[in-house]
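Coordinate inspection notes
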Amino acid sequence: MGAFDFAKGTLLLTEAGKKRRASLHLLAGRAALAEMDPGGLEVLGSSLHEFVGAIAPTNHTLKRALTDPHILSGIGNAYSDEILHRARLSPFRQTAGLSPAELEQLHEAILAVLGEWTRKLADEARGDFPAKVTAFRPEMSVHGKYGQPCPVCGTAVQRIKYAENESNYCPRCQTEGRMLADRSLSRLLKADWPRTVDELEARGRTGGAGGSPPG
Ligand SMILES: [Zn+2]
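Residues numbered from 1 in each chain as written. Predicted model: local features only at pLDDT ≥ 70, side-chain atom pairs only at ≥ 80, totals over all residues. Heavy atoms only, no water.

Points about the overall build of the protein chain
The secondary structure content of the protein chain amounts to eight helices and six strands. Ordered by position from the N terminus, the helices and strands of the protein chain form the series β-β-α-β-α-α-β-α-α-β-β-α-α-α. Expressed as a percentage of the 215 residues in the protein chain, the buried residues total 39%. Nonlocal contacts in the protein chain, meaning residues at least 24 apart in sequence, comprise 59% of its contacts between residues at least 6 apart. (Helix = DSSP H or I, 4+ residues; strand = E, 2+ residues; numbered from the N terminus. Buried < 20%, exposed > 50% of the residue type's maximum accessible area, 1.4 Å probe, protein only. Contact = heavy atoms within 4.5 Å.)

Quick look at the coordination of the zinc ion
Looking at the zinc ion, one finds its protein donor set to be Cys150 (SG), Cys153 (SG), Cys170 (SG) and Cys173 (SG), positioned 2.3 Å from the metal centre. Coordination at the zinc ion is tetrahedral, judged from the four donor atoms that bind it and the angles of 98 to 114° they form at the metal. (Donors = N, O, S within 2.8 Å, 3.2 Å for Na, K, Ca; no water. Tetrahedral: all angles 85-135°; square planar, octahedral: opposite > 155°, others 65-115°.)

Digging into the nonpolar core
Formed by 25 residues in total, the largest nonpolar core has its most connected members in Leu72, Ile83, Leu106 and Ile110. For this core, the secondary structure elements donating two or more residues are helix 2 (48-55), helix 3 (62-67), helix 4 (77-87) and helix 5 (100-125). It is helix 5 that contributes the most residues to this core, seven residues altogether. (Core = buried A, V, L, I, M, F, W, Y, C linked by side-chain atoms within 4.5 Å.)

So, the side chain of serine 46
Looking at where serine 46 falls in the secondary structure, it is placed in the loop between strand 3 (41-42) and helix 2. Here the side chain of serine 46 touches histidine 107 through a polar contact of 3.0 Å, side chain to side chain. The residues contacting serine 46, other than those within four sequence positions of it, are Leu41, Phe51 and His107. (Polar contact = N/O pair within 3.5 Å; in protein donor to acceptor, adjacent residues only side chain to side chain.)

What to know about the packing of aromatic side chains
Throughout the structure, instances matching the rule amount to one aromatic pair. Taking NZ or CZ as reference, lysine 120 lies 5.0 Å from the ring centre of tryptophan 117, over its face. (Phe/Tyr/Trp six-rings, centres within 6.5 Å; stacked < 30°, edge-to-face > 60°. Lys NZ or Arg CZ within 6 Å of the ring centre and 35° of its normal.)

Some details on the packing of helix 2 against helix 5
As a packed pair, helix 2 and helix 5 sit with axes 10 Å apart at the nearest point and diverge in direction by 105°. Compared by their axis directions, helix 2 and helix 5 come out roughly perpendicular. The segment helix 2 lies against helix 5, with Leu48, Phe51, Val52 and Ile55 engaging Leu103, Glu104, Leu106, His107 and Ile110. Broken down by class, the residue content of the contact of helix 2 with helix 5 amounts to seven nonpolar, one polar and one charged. (Axes fitted to C-alpha atoms, helices over the stretch in contact; angles between N-to-C directions. Parallel < 35°, antiparallel > 145°, perpendicular 65-115°, else oblique. Nonpolar A, V, L, I, M, F, W, Y, C, P; charged D, E, K, R; others polar.)

Section: helix 5
The terminal C-alpha atoms of helix 5 lie 38 Å apart, and with 26 residues this matches the ideal 38 Å at 1.5 Å per residue to within 8%. Among the residues of helix 5, those classed as buried are Glu102, Leu103, Leu106, His107, Ala109, Ile110, Val113, Leu114, Gly115, Trp117 and Ala125. Positive phi appears at arginine 126, one or two residues downstream of helix 5, with a value of about 45°. (Expected span 1.5 Å × (residues − 1).)

Details of the packing of helix 4 against helix 5
Where helix 4 contacts helix 5, the two axes come as close as 8 Å, and the packing angle between them is 130°. Between helix 4 and helix 5, the angle falls in the class oblique. Helix 4 and helix 5 meet at a crossing whose hand is right-handed. Mapping the contact onto sequence places Tyr79, Glu82, Ile83, Leu84, Arg86 and Ala87 in helix 4 and Gln105, Leu106, Ala109, Ile110, Ala112, Val113, Leu114, Glu116, Trp117 and Leu121 in helix 5. Residue composition of the contact of helix 4 with helix 5, grouped by class: twelve nonpolar, one polar and three charged. (Left-handed = near helix turned anticlockwise from the far one by under 90°.)

Some thoughts on unusual backbone geometry
For residues other than glycine, phi is negative in most cases, and the peptide bonds are mostly trans. At arginine 88, a residue that is not glycine, the phi angle is positive and equals roughly 60°. Locating arginine 88 in the fold gives a position in the loop between helix 4 and helix 5. With a phi close to 50°, glutamate 176 is a non-glycine residue in the positive phi region. Relative to the helices and strands, glutamate 176 is located in the loop between helix 6 (171-174) and helix 7 (183-192).

Digging into the pattern of salt bridges
One pass over the full model with this rule turns up six salt bridges. Among the salt bridges present, the one from glutamate 116 reaches arginine 86, with a minimum N-O distance of 2.8 Å. Of this pair, glutamate 116 sits in helix 5 while arginine 86 sits in helix 4, and the two are 30 residues apart along the sequence. Assessed through its relative accessible area of 40%, arginine 86 is described here as partly exposed. Residue arginine 137 is joined to glutamate 124 by a salt bridge in which the shortest nitrogen-to-oxygen separation is 2.7 Å. Taken together, the residues arginine 137 in the loop between helix 5 and strand 5 (158-162) and glutamate 124 in helix 5 connect sequence positions 13 residues apart. (Salt bridge = Lys/Arg side-chain N within 4 Å of Asp/Glu carboxyl O.)

Written out as structure tokens, the structure is:
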């Protein structure tokens, strides 16, 4: 546990989950901080050209590319679900298979979703410490919404479970009606799906060429 004393109160950082993925580092100076940077692009404020430059050299599933901090910075499981839903793209599409129009659609969806949530969370906090921080928000479209209607088309939101994580998508908006759950899915999961943050960071940019995408 970490405790930070401020004039108005004390911020306690604890890890509630059993996965023990959280860590705290105390660093001195920008150089020390830069060493910790996995190097992914900060998409907010990036141009389409920079975005394509970051993801085009990889060939990963979109889910993997969005959540890999060596490729793109700051997008976790929850927001990647929301972004892919906004972009109307399957989490299993491969980055190398996207058309220029789809790359633009994905870049715009990232800017829109991250921008909206940054404003929403800042408004709610209004200068105070956010009292409750969670990846599950009732206003999300698909993340954490398994079985509930997609806000765009009303279809029940589906899920892909892998290791300890769950990913949500709308089969009508994103996968042309297909459900992503069969043996090709588990083969693909083995090759190219982020299972844990630790594994992701250990693998870096070199890991996992994908198989043929089912969706
Ligand atoms: Zn839908």
